Amino acid sequence: MEISDGSVRILAALLEARTGQQLAHARHWRIEAALRPLMAELQAVSMDALISKIVSGENARLSDRAIDALLNHETFFFRDIASFRLLDTQGLERIRVAREATRRLRIWSAGCSTGQEVYTLAMLIADQRERWRGWSIDIVGTDLSAQAIERAREGRYSQFEIQRGLPVVQMLRRFDQIEREWQVSDDLRAMVSFRTHNLLSSPPPGMFDVVLCRNVLLYFSAEVRGLVFGRIASAMPEDGVLMLGAGETVMGHTDHFVSDYECRGLYRKRIHAPLRPPVECAAR
Ligand SMILES: C[S@@+](CC[C@H](N)C(=O)[O-])C[C@H]1O[C@@H](n2cnc3c(N)ncnc32)[C@H](O)[C@@H]1O
């Protein structure tokens, strides 16, 4: 099936305008694979015909569905486990010490896809009941994709999804098997909430002590990436902790954050007098 360069350009422009995501040339092959089910459902005679329908604006839901299909929702539990250990022992520990008086912790997982990242955070905290006893903890997961958020809220995963990254002991402790799927337990669900949110718009209300924005900024243009970093910074207190994907960095992309000099892989807001962390960082 052929797609004309013109159609690819129109679709790429629509995707970038709505999501900030750029469709790099190397990812053009994804278009066909992603849109084939929609093409069959609508009985479009060609990819070009389907793309004309999508961009015509005659059906707003159609363009939402096409954009959703083009987004990369890849995720799994404990993705980059070393980074989560670092977050737990250093980033969260620093916040725990700093918030001892209020005992309130808010975490934002931006671009959380189908929720595995959010439940990973909930498991990290739920596994250490004594450490977090008496704390009010809010973990907010957001994503542009309404479909992904619906799935995240449901917290139900296939056998394939549950096996990706999740230790068996966690699977048995935190999930119930329902026929061929695995349902996350009510105690984890009580710690989290989900909502749709576009990173191109203002952040969700309130301040977040810890923000995860992982494997989302990769396909933004430099300009959009800078804008999004600024918005994230505006939703964090001065001593907040930012965690990116394992292959991502703030260096060269924003002046709002600096690499944490004690814990590489975590980032903090650029402030005049950096605070020292309360504990030695093992993973340098
Ligand atoms: C590759 S997944 C990463 C999921 C998770 N953070 C992880 O690292 O495993 C990227 C997610 O970012 C979302 N996304 C892309 N552009 C976005 C935007 N402008 N605002 C919010 N979410 C966006 C996609 O819908 C997708 O679910």
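**Looking at the pattern of salt bridges**
Okay, so step 1: Tallied over the full model, the rule gives 22 salt bridges.
Okay, so step 2: Close ionic contact of Asp88 with Arg131 constitutes a salt bridge, the shortest N to O distance being 2.9 Å. Of this pair, Asp88 sits in helix 5 (residues 81-98) while Arg131 sits in the loop between helix 6 (116-126) and strand 2 (136-143), placing them 43 residues apart in sequence. The pair formed by Asp88 and Arg131 is uniform in burial state, with each residue classed as buried.
Okay, so step 3: Residue Arg174 pairs with Asp187 through a salt bridge whose shortest N-O separation is 3.5 Å. In this pair, Arg174 is assigned in helix 9 (residues 168-174) and Asp187 in helix 10 (residues 186-189), connecting sequence segments 13 residues apart.
Okay, so step 4: Classification of Asp187 as partly exposed rests on a relative accessible area of 41%.
Okay, so step 5: Among the charged side chains, a network of salt bridges with common partners joins Asp88, Glu93, Arg96 and Arg131.

**Points about the site of the ligand**
Okay, so step 1: Within the structure, the ligand sits among 20 residues, and Thr19, Thr75, Gly111, Asp143 and Asn215 are positioned closest to it.
Okay, so step 2: One of the backbone N or O atoms of Gly111 is found 2.8 Å from a nitrogen atom in the ligand.
Okay, so step 3: Contact with the protein chains covers 98% of the free accessible surface of the ligand, which is 600 Å².
Okay, so step 4: Residue classes in the shell around the ligand are distributed as five nonpolar, 10 polar and five charged.

**Focus on the nonpolar core**
Okay, so step 1: Counting 41 residues, the largest nonpolar core has Leu87, Leu105 and Ile139 as its most contacted members.
Okay, so step 2: Take this core: its biggest share by element is eight residues, from helix 6.
Okay, so step 3: Leave out the neighbours within four places in its chain, and Ile139 touches Ile107, Val118, Leu121, Ala122, Ile125, Met191, Val192 and Ser193.
Okay, so step 4: Leu217, Ala233, Ala235 and Met236 belong to the second largest nonpolar core, which has 22 residues in total.

**Re the domain arrangement of the protein chain**
Okay, so step 1: Partitioning the protein chain into structural domains gives domain 1 (5-70) and domain 2 (81-269).
Okay, so step 2: Here the C-alpha centre of domain 2 lies 30 Å away from the C-alpha centre of domain 1.
Okay, so step 3: Facing the nine residues of domain 1 at the interface are 11 residues of domain 2.
Okay, so step 4: Buried surface at the junction of domain 1 and domain 2, summed over both partners, amounts to about 800 Å²; 48% is from carbon and sulfur atoms.
Okay, so step 5: Along the contact surface separating domain 1 from domain 2 lie zero salt bridges.

**Comments concerning the pairing of strand 8 (residues 241-244)**
Okay, so step 1: Of the two faces of strand 8, both are covered, the one formed by Val241 and Met243 as well as the one formed by Leu242 and Leu244.
Okay, so step 2: The pairing of strand 7 (residues 210-213) with strand 8 spans four bridges and is parallel. In the strand pairing of strand 8, Val211 is matched with Leu242.
Okay, so step 3: Since strand 7 and strand 8 lie parallel, the crossover through helix 11 (residues 222-234) that links them has a hand, and here it is right-handed.

**Some details on helix 3 (residues 47-56)**
Okay, so step 1: Along helix 3, the residues that are buried comprise Met47, Leu50, Ile51 and Ile54. Each buried residue of helix 3 sits inside an arc of 95° when the element is viewed along its axis, so together they form one side.
Okay, so step 2: Considering only its buried residues, helix 3 is in contact with helix 1 (5-19), helix 2 (29-42) and helix 4 (60-70).
Okay, so step 3: Gly57 lies just past helix 3 and shows a positive phi near 85°.

Definitions and limits used
Residues numbered from 1 in each chain as written. Predicted model: local features only at pLDDT ≥ 70, side-chain atom pairs only at ≥ 80, totals over all residues. Heavy atoms only, no water. Salt bridge = Lys/Arg side-chain N within 4 Å of Asp/Glu carboxyl O. Helix = DSSP H or I, 4+ residues; strand = E, 2+ residues; numbered from the N terminus. Buried < 20%, exposed > 50% of the residue type's maximum accessible area, 1.4 Å probe, protein only. Near = heavy atom within 4 Å. Polar contact = N/O pair within 3.5 Å; in protein donor to acceptor, adjacent residues only side chain to side chain. Areas by Shrake-Rupley, 256 points an atom, 1.4 Å probe, with all protein chains shown as cover. Nonpolar A, V, L, I, M, F, W, Y, C, P; charged D, E, K, R; others polar. Core = buried A, V, L, I, M, F, W, Y, C linked by side-chain atoms within 4.5 Å. Contact = heavy atoms within 4.5 Å. Domains from an automatic or database assignment. Buried area = accessible area lost by both parts, 1.4 Å probe. Pairing = 2+ DSSP bridges. Right-handed = clockwise from strand over helix to strand, strands pointing away. Arc of directions from axis to C-beta.

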